[in-house]
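# Reading the structure
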Amino acid sequence: MDASTRPYRSVLYIPGSKERALDKARGLPVDAIIFDLEDAVTPDAKPAARETLKAALDQGGYGEKARIIRINGLDTEWGAEDATLLKDADADAFLLPKVNSAADVQALVDILGDKPVWCMIETPRGVFNALEIAAHPSVAGFVAGTNDLAKELGCRSREDRLPMMFALQQMLLAARAHGVVVVDGVYNQYLDEAGLKAECEQGRDLGFDGKTLIHPAQVDIANAAFAPTEAEIDLARRQIEAHEEIERTGQGVAVVDGKIVENLHVETAKKTLARAEAIARMA
Ligand SMILES: CC(C)(COP(=O)(O)OP(=O)(O)OC[C@H]1O[C@@H](n2cnc3c(N)ncnc32)[C@H](O)[C@@H]1OP(=O)(O)O)[C@@H](O)C(=O)NCCC(=O)NCCSC(=O)C[C@H](O)C(=O)O
Ligand SMILES: [Mg+2]
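Residue numbers here run from 1 along each chain, matching the order of that chain's written sequence. Chain A is the first chain written and ligand 1 is the first ligand written, with later ones labelled in order. Whole-chain, interface and lining totals are the exception, using all residues; otherwise, since this is a predicted model, local features are given only for residues with pLDDT of at least 70 and side-chain atom pairs are given and counted only at 80 or more. Each side-chain value is derived from all of the structure's non-hydrogen atoms; neither hydrogens nor water enter the calculation.

Looking now at the domain arrangement of the chain. What fixes the domain bounds is an automatic or database domain assignment. As assigned here, the chain comprises domain 1 (10-225) and domain 2 (230-282). Relative placement of domain 1 and domain 2: their C-alpha centres are 33 Å apart.

So, in structure tokens, the structure goes:
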């Protein structure tokens, strides 16, 4: 699938050690999977998890879903070996936790070669250095690590996420400045549908491409929240048509539903349609 239009509405973490979950994910309607070797796998289970994950990826069956491997940090006893043993696995990208600087990314690139790298932005230094991290040529994605961020900030968990709003917006701006995908953090109360829906809507409003998830019960809510709605698709079509008509006739400014339509709105409208088409191809 074309990297520029690939959807990332739902990005599900799966512990690399859990064979049943690795298998179940093949049939889930997620846009991407993060195969986790870090927080979801206990230290004792990490060596075996690498083998379990490699076997699952060799077996395949994940269809169009983007496959991203989250290794342990390179400052841990497992990180370098995770990267070395899995660098030829059938995956689309590698996700590095707790990235503080572009030098951290380069250390992984030195092991992996030219594979795309995604970065967890979840430390104060990572937030402040987000722009230089996004500028690294191997970086293709950012993931907000809102649990680690809350721990580092010492902030309280609030529905409006006010205490971490600066960090979320900083990573969004950096990602957009360098054309990098950016997905929101997890919602821990995984059976609270209303709470998840509200946080997905907030993430969509902020500009995130999608949300990271921890349980299959969260997938449909994220897919719906981050897909263009029928009304948005209809508006996009009408904006494009109205603007084309103005260009043909050379008359004034296009107006749709009482609002002006200029080139920049047409660009957004075309992106909306491209996203809707890419989502339809995932089905
Ligand atoms: C949260 C869980 C521990 C719950 O597990 P469990 O009680 O087993 O759930 P269920 O019995 O309801 O599971 C029902 C079926 O769904 C499968 N399942 C569960 N979770 C997943 C999953 N993530 N992917 C695929 N499939 C999954 C079960 O196997 C059951 O299947 P079946 O038996 O066939 O019906 C558990 O969901 C879990 O471990 N989730 C992932 C947790 C995780 O990955 N955490 C790390 C990422 S979050 C993070 O690190 C944050 C970040 O770094 C930050 O700082 O913010
Ligand atoms: Mg984390």
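The rest of the description comes next.
What follows deals with the pattern of salt bridges. We define a salt bridge as a contact between a side-chain nitrogen of Lys or Arg and a carboxyl oxygen of Asp or Glu at a distance within 4 Å. Taken as a whole and assessed by the stated rule, the structure comprises 21 salt bridges. With a closest N to O distance of 3.3 Å, Glu38 and Arg70 form a salt bridge. Of this pair, Glu38 sits in the loop between strand S2 (32-36) and helix H2 (46-59) while Arg70 sits in strand S3 (residues 66-70), and the two are 32 residues apart along the sequence. Here Glu38 and Arg70 have matching classes, each one buried. For the purposes of this entry, the term helix denotes a DSSP run of H or I that reaches at least four residues, the term strand denotes a run of E that reaches at least two, and both are numbered from the N terminus. Residue burial is assigned from relative accessible area. The probe radius is 1.4 Å, only protein chains are included, and a residue is buried under 20% of its type maximum, exposed over 50%, and partly exposed in between.

Let us look at the coordination of the magnesium ion (ligand 2). The magnesium ion (ligand 2) binds to the protein through Glu122 (OE) and Asp148 (OD); the donor distances cover 2.0 to 2.1 Å. On the criterion of sequence distance, the pair formed by Glu122 in the loop between strand S5 (117-121) and helix H5 (124-128) and Asp148 in helix H7 (residues 146-153) is long-range, its members being 26 residues apart. Look at Asp148 and you get buried, because its relative accessible area is 12%. Only nitrogen, oxygen and sulfur atoms qualify as donors, and only when within 2.8 Å of the metal (3.2 Å in the case of Na, K and Ca); with water excluded, sites may look incomplete.

With that out of the way, let us pick up the pairing of S2. By the criterion of burial, S2 is predominantly enclosed, with five of the five residues buried. The alternating pattern of S2 places Ala32, Ile34 and Asp36 on one face and Ile33 and Phe35 on the opposite face, and all of these are buried. What makes two strands pair is DSSP finding at least two bridges between them. Where strand S1 (residues 10-15) meets S2, five bridges bridge the pair, whose relative direction is parallel. Bridge pairing in S2 places Val11 opposite Ala32.

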